[in-house]
Amino acid sequence: RRSIAPRPRCDAAVMMRHVGTVRPLVEACWQPILASLQVLLLAVTDTAVLHELLVAYSAFTQTCAVLQLVGPRDRALAPLCKTALPGGDGPQEALGAHHLAISSCLLALTFELAAVLADSWPMLLDALQRLDAALVERNLLPGSQPTPPPAAQPGSGAQGGEAELRLLRFSLDSLFTQTAALDDDAAATLLAALCTVGITSVTGARPDIVGSAGVTSGHDRIFGVDKMVDAMMHDMGRIGALWDVVWQQLSRVALHPRATVRVFGVPSLTQLIIAAFKHRASPKVDASPKVDGSPGEVASPNTSPSEYDFDLERRLLATFDELYRCPYPDTRDAVLQGLYEVLQCCGDEVGSAWPLVLAMLKSVAQDCEEPGARHMKAFMCVQLIRNDFLSALPVDCLQLLLTTVGAFGMQPSDLNMSLTAITLLWNIADFFGRERSALLSAFSEVGFHGSSAAPQVHNVDALWLVLYHQLRVLSVDQRIEVRNSALRTLFTALETHGDLLEQTSWAQVVNELLLPVLRDVRESALSAGDASVEQRLGNGGGASGEAMLIHHTRNTESKQWHATWDTAFQGVARTFQIFLPVVRGLSTSDEAWEALMGHLEACLLAGGDKLAEGAMRAVKDLFAASQGGASPLAGSYWNAFFSTAEAAVVRGVRELGLPPAKLRGVVRVLGACRELGLLSLSDTMSLVRLLDMLAWPPFATSNPVSEAGPSQPPSKVDLSMQREMQEELRTLTESFHALPLPHQVLLWRAVFAALAARLPRPPAFDP
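Residues numbered from 1 in each chain as written. Predicted model: local features only at pLDDT ≥ 70, side-chain atom pairs only at ≥ 80, totals over all residues. Heavy atoms only, no water.

## A look at the overall build of the protein
Helix and strand content of the protein: 32 helices and two strands. Within the protein, the fraction of its 767 residues that count as buried is 49%. A separation threshold of at least 6 residues defines the contact pool for the protein, and within that pool the share at least 24 residues apart is 76%. (Helix = DSSP H or I, 4+ residues; strand = E, 2+ residues; numbered from the N terminus. Buried < 20%, exposed > 50% of the residue type's maximum accessible area, 1.4 Å probe, protein only. Contact = heavy atoms within 4.5 Å.)

## Remarks on the packing of helix α3 (residues 47–66) against helix α5 (residues 97–113)
Relative to each other, α3 and α5 sit at 25°, their axes nearing to 10 Å. In terms of orientation, α3 and α5 fall into the roughly parallel class. As α3 packs across α5, the resulting crossing turns out to be right-handed. Counting all contacts with α3, which are made through Thr47, Leu50, Leu54, Ser58, Thr61, Gln62 and Ala65, the residues of α5 involved are Ala97, His98, Ala101, Ile102, Cys105, Leu109, Glu112 and Leu113. Of the residues that constitute the contact of α3 with α5, the class distribution is nine nonpolar, five polar and one charged. (Axes fitted to C-alpha atoms, helices over the stretch in contact; angles between N-to-C directions. Parallel < 35°, antiparallel > 145°, perpendicular 65-115°, else oblique. Left-handed = near helix turned anticlockwise from the far one by under 90°. Nonpolar A, V, L, I, M, F, W, Y, C, P; charged D, E, K, R; others polar.)

## A closer look at the packing of aromatic side chains
Inspection of the entire model under this criterion finds 15 aromatic pairs. Taking the centre distance of 5.5 Å and the plane angle of 85° together, the rings of Phe623 and Trp638 count as edge-to-face. With Phe623 in helix α27 (residues 609–627) and Trp638 in helix α28 (residues 635–654), this pair connects stretches of sequence that are 15 residues apart. Assessed through its relative accessible area of 5%, Trp638 is described here as buried. One aromatic cluster is present, built from ring pairs that chain together Trp593, Phe623, Tyr637, Trp638, Phe641 and Phe642. The side chain of Arg262 reaches across the aromatic face of Tyr328, ending 4.1 Å from its centre. Between Arg483 and the ring centre of Trp561, over which it is positioned, the NZ or CZ distance is 3.7 Å. (Phe/Tyr/Trp six-rings, centres within 6.5 Å; stacked < 30°, edge-to-face > 60°. Lys NZ or Arg CZ within 6 Å of the ring centre and 35° of its normal.)

## Topic: the side chain of Thr177
If you trace the backbone, Thr177 turns up in the loop between α7 (158–175) and α8 (184–202). Thr177 sits in the buried class, given a relative accessible area of 14%. Of note is the side chain of Thr177, whose polar atom sits 3.1 Å from the backbone oxygen of Ser174. (Polar contact = N/O pair within 3.5 Å; in protein donor to acceptor, adjacent residues only side chain to side chain.)

## Focus: a nonpolar patch on the surface
The grouping of Trp748, Phe752 and Leu755 at the surface amounts to a nonpolar patch, some 290 Å² of accessible area in total. Following the sequence through the fold, Phe752 ends up in helix α32 (residues 741–757). (Patch = residues over 30% accessible without salt bridge, like charges linked within 9 Å, V, L, I, M, F, W, Y side chains within 5 Å. Areas by Shrake-Rupley, 256 points an atom, 1.4 Å probe, with all protein chains shown as cover. Salt bridge = Lys/Arg side-chain N within 4 Å of Asp/Glu carboxyl O.)

## Regarding helix α4 (residues 70–83)
Here α4 is 14 residues long and its end C-alpha atoms lie 21 Å apart, about the 20 Å a rise of 1.5 Å per residue gives. Packed against the buried residues of α4 are α2 (19–43), α3, α5 and α6 (121–137). (Expected span 1.5 Å × (residues − 1).)

## Points about the environment of Ala318
Relative to the elements of secondary structure, Ala318 occurs in helix α14 (residues 312–323). Here the alpha-carbon distance between Ala318 and Leu356, two residues 38 residues apart in the chain, equals 7.1 Å.

## Section: unusual backbone geometry
Residue Gln68 is not a glycine yet carries a positive backbone phi of 60°. Among the structural elements, Gln68 can be located in the loop between α3 and α4. Unusually for a residue other than glycine, Asn139 sits at a positive phi of about 65°. By the secondary structure assignment, Asn139 is in the loop between α6 and α7.

## Brief notes about the confidence of the model for the protein
Per-residue pLDDT for the protein has a mean of 83; in total, 82% of the residues score no lower than 70. Per-element confidence in the protein is highest for helix α18 (residues 398–410), whose mean pLDDT is 96, and lowest for strand β2 (residues 547–548), whose mean pLDDT is 53. Segment residues 285–304 is flagged for pLDDT under 50; beyond a separation of four residues in sequence, or across chains, it makes 34 contacts in the model. (pLDDT = per-residue confidence, 0-100.)

## Remarks on the environment of Ala359
By the secondary structure assignment, Ala359 is in helix α16 (residues 354–366). Along the sequence, Ala359 and Thr403 sit 44 residues apart, while their C-alpha atoms lie 9.4 Å from each other.

## Considering the pattern of salt bridges
Taken as a whole and judged by the stated rule, the model has 30 salt bridges. A salt bridge links Asp173 to Arg169; the nearest nitrogen and oxygen atoms lie 3.0 Å apart. Remark: Arg169 and Asp173 occur in helix α7; sequence separation between them is four residues, near one turn of the helix. Judged by its relative accessible area of 11%, Asp173 falls in the buried class. Connected through shared salt-bridge partners, Asp132, Arg169, Asp173, Arg221, Asp226, Lys227 and Asp230 make up one network.

Given below as structure tokens:
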């Protein structure tokens, strides 16, 4: 039932009044007195006599401490440390009554002298560590005696010895839960000594194998590290003042060359960080426990909280960031696990440390040399942040969150992780849409400033653009599942939340997002090879999995990229269709339409027949949607579209020698545009010529006036293609009756001329 004394309490006032007399006296006689007392300690067998002897021994030791006679004090403590337990390396025989009495005396002196022990702590802690091991062997575990046991009655025999052991357990635990009575320097000295003793106890001749006998058998703990954590857990009022010392000591553990030491470092840090966050979130009361017989709650000699607690959240979590840079994989794994536990318990209290946390997680995702398991641990933290703490993030951290999620989408080790990251981006988009008013209010707060280290977003629209940019980057991922998912998410997010963007932001969406996406996907599709691709079952497609059969339309890189190209063009065209009034209101709308037509031409000439027809139908649907709206497309837009399609057919047939079947979808869609009333007289006449060109391509005609050069034999003609184009021509002529008579005449003349040109010529007359 002892309490730590902030200074030695051996009638110090009286002694110091007569220090001039007492000190010379002690200096003159301490050696023979100690020698005599030590001889008696070894010779006395009677318990009562030993008790009286220890009282005298303790008083003389305290006297040396009060008079600041460090040498005599330590010479007095050393025999107690050696004789408190049998054996030097641990208990090897039963603890006798004299062992218990000496251990109790040693603990009492430690309580009394804790504030002035300084460099003597290692000697005492080594003895206390052996005492702790002896108690653990007798199933008296740390914390098993939360209250002092009843005092043993004289003559109680074995039961009295058991009570003494329980009292030793209680006193030993209490010693490290009352460090709040020490000043900062004394507490720092104790923490350093605990760490040193703890490391030394594990780095002997024991094997460097985690879980080996003698290291973590039975109870996973190191005495010094365990007691250092106990001390700080009961002194959270000074966590800011002592954190640098705690971090310095526990980093020695976490970065130790031996794995048997490192295993205790990060978990101890994690425990303290969680406790520190909870302490800051709780009402500010003295956390020091009250011990029976102590003078109540001990007033901690703390400095002002504002001095050391400023930016404490960042200081606490910066330890994780520092430790993650170490070369030990087990420590890095433990750091990520510790960070996850901290976020689970105290995510709402992270505060100013959010940028550090997100930057650390982002660096993990960007390190391609990290194993997939480590990526997954870090990604679990990101998922936790998105699901539980998104609304708690400062607005200036949202951009970093987006880029962090995007980085996990780009990591190549785990396909499911990338797809889940894209889902997280979609969820964040929903959050932005749902909480737009709250975000606007946060950005408009007086005194908001972004970090000077990197450009920060200052309005909600900029956040949207960052989110869309992450999806744009993922849209050219080498994995087809990732890029297709990213494209669909991008266009769905735009379709759902695009009306929240201001007009000025739409210029960036069109010119820096939609059109560049088409460009990037097109370039990747055109550079993809025709080698067959093989996808293996299992997460990540590892080489150990079984091969999965892929449909012939997707069994090469080129085919897969062309499928992505089709998805991209369809999505861009649909976005133009949905937000046509907004797009047309841009000052660069004409340039944007011209660029879209350039992409359409690339689809028609370099893409497959399905891509070509799909792109044509997407633009046709755009025109169809505008017909019933308040902003129908002007004639110049249609003229650009028709001219692009016509030029692509002519160039594809005459210059590139493309098979007519590849371009059939172009004329088919152009013919369908007559239902929209978009085909002019000249357009219809041009369409007749295009149908004729595809039915009788220049390289297959026997007409000597062909513009394509040498003619090919009739056997090269695609008869099914001819019949299809002639059927398209017949369908087109059915709409002539609705036109003015002069227009009908001109069109029928063009049709008959085209048909007549394909009739067999009579043989030349030879007189």
